[in-house]
Amino acid sequence: MNLQDNTAIVTGGSRGIGYAVAEALADRGARLAICSRTESELRAAEKRLAEKTEVLAQPADVSDERQIEAFVAAAHKRFGPPHILVNNAGGPLLETLVEDIATEDFDKMLAVDLRGTFLMTRAVLAEMKKRRDGYIVNIAGAYNVGGEPEESAYSAAKFGVRGLTESLIEEARPYNVRACSICPNYVATAPADDDPLMRKKDMLQPEDIAKTVLWLLDLSPVSVVKEVVLDHLVQVD
């Protein structure tokens, strides 16, 4: 699918999965609007991506409604209404027993992973439905298909993303707007550096997620894919 004249918004687009997705979309010809909370990483990503396509890079915290509205408005002013939204931004993994989780830490996890996905989706959905065209891809975690010990806050947020996506699929389908959640397990990004049980070469690569996004966009408009689960290689020495 040639994405020339299409605008794609990618949250958390300055590194890891988000950057890989943004780069893949740029290679297909899409204009890009990316956001991140870390401006230094955002500017570095903007510089690299600008060699491929037109880019708007704006600092934004996806859990902040005003910042999201300002970001989407800036993207609309620069490129027109978006055709693709990839909700990738997520907070740091919180590995803590339920009884030891501080309320503010639980709230922060849901604010970024779940509230952020909701705010971004709401900001673009009305225009997509009006135009009867669009695709919203939510990058969820593998734990949204099964909880793990000490992952309750993360699992709660990702289960929420899954539920939000499934409702969105049904609401948006009559308007020719599609949605899907991608659930990758163990991706070789910065947080994986602290995992003593996995080697990065045995993990999914950010580019694998980017290829999955492109695959979804390449499918026939009549197709309905609710969720894609990607598992990692289990290496036996």
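Residues numbered from 1 in each chain as written. Predicted model: local features only at pLDDT ≥ 70, side-chain atom pairs only at ≥ 80, totals over all residues. Heavy atoms only, no water.

Caption draft 1: A look at the sheet that holds strand 6 (residues 177–184). The seven strands are arranged 3-2-1-4-5-6-7 in an open sheet whose pairing can be described as parallel. The open sheet has two edge strands with one neighbour each: strand 3 (55–59) and strand 7 (227–230). Between one strand axis and the next, the sheet turns through 15° on average, direction left out of account. By the bridge criterion, six bridges tie strand 5 (residues 134–139) to strand 6 in an arrangement that is parallel. Bridge pairing links Gly 134 to Val 177 in strand 6. Against the sheet, helix 1 (residues 16–27) engages strand 1 (7–11), strand 2 (31–36), strand 4 (84–87) and strand 5, with an angle of about 170° to strand 1. Of the strands in this sheet, strand 2 and strand 3 touch helix 2 (residues 39–49), which is tilted by about 180° from strand 3. (Pairing = 2+ DSSP bridges. Helix = DSSP H or I, 4+ residues; strand = E, 2+ residues; numbered from the N terminus. Axes fitted to C-alpha atoms, helices over the stretch in contact; angles between N-to-C directions. Contact = heavy atoms within 4.5 Å.)

Caption draft 2: Spatial organisation of the packing of aromatic side chains. Overall, the coordinates contain zero aromatic pairs when judged by the stated rule. In this arrangement the basic side chain of Arg 48 is found over the ring face of Tyr 19, its NZ or CZ atom lying 4.4 Å from the centre. (Phe/Tyr/Trp six-rings, centres within 6.5 Å; stacked < 30°, edge-to-face > 60°. Lys NZ or Arg CZ within 6 Å of the ring centre and 35° of its normal.)

Caption draft 3: Representation of the packing of helix 4 (residues 103–131) against helix 5 (residues 152–172) within the structure. It is the contact of helix 4 with helix 5, at a shortest axis distance of 8 Å, that shows an interaxial angle of 15°. One finds that helix 4 runs roughly parallel with respect to helix 5. Every pair of crossing elements has a handedness; the one defined by helix 4 and helix 5 is right-handed. Counted together, Phe 106, Met 109, Leu 110, Asp 113, Leu 114, Thr 117, Phe 118, Thr 121, Leu 125 and Lys 129 of helix 4 and Ala 153, Tyr 154, Ala 156, Ala 157, Lys 158, Gly 160, Val 161, Leu 164, Leu 168, Glu 171 and Ala 172 of helix 5 form the full contact between these two elements. Considered class by class, the residues forming the contact of helix 4 with helix 5 number 14 nonpolar, three polar and four charged. (Parallel < 35°, antiparallel > 145°, perpendicular 65-115°, else oblique. Left-handed = near helix turned anticlockwise from the far one by under 90°. Nonpolar A, V, L, I, M, F, W, Y, C, P; charged D, E, K, R; others polar.)

Caption draft 4: Helix 1, seen in detail. Its 12 residues give helix 1 an end-to-end C-alpha distance of 17 Å, which sits within 8% of 16 Å, the value for a rise of 1.5 Å per residue. The buried count for helix 1 comes to nine of 12 residues, which makes it a mostly enclosed element. Looking at the packing, one finds that the buried side of helix 1 touches strand 1, strand 2, helix 2, strand 4, strand 5 and helix 6 (206–218). (Expected span 1.5 Å × (residues − 1). Buried < 20%, exposed > 50% of the residue type's maximum accessible area, 1.4 Å probe, protein only.)

Caption draft 5: Just the environment of Thr 189, in detail. Inspection of the secondary structure assignment puts Thr 189 in the loop between strand 6 and helix 6. Overall, the relative accessible area of 18% leaves Thr 189 in the buried class.

Caption draft 6: Focus on a negative patch on the surface. On the surface, a cluster of negative charge is contributed by Glu 95, Glu 99, Asp 100 and Glu 150. Note on placement: Glu 99 falls in the loop between strand 4 and helix 4. You can call Glu 99 exposed: its relative accessible area is 62%. (Patch = residues over 30% accessible without salt bridge, like charges linked within 9 Å, V, L, I, M, F, W, Y side chains within 5 Å. Areas by Shrake-Rupley, 256 points an atom, 1.4 Å probe, with all protein chains shown as cover. Salt bridge = Lys/Arg side-chain N within 4 Å of Asp/Glu carboxyl O. Lys, Arg positive; Asp, Glu negative; His and termini not counted. Charge placed at Lys NZ, Arg CZ, Asp CG, Glu CD.)

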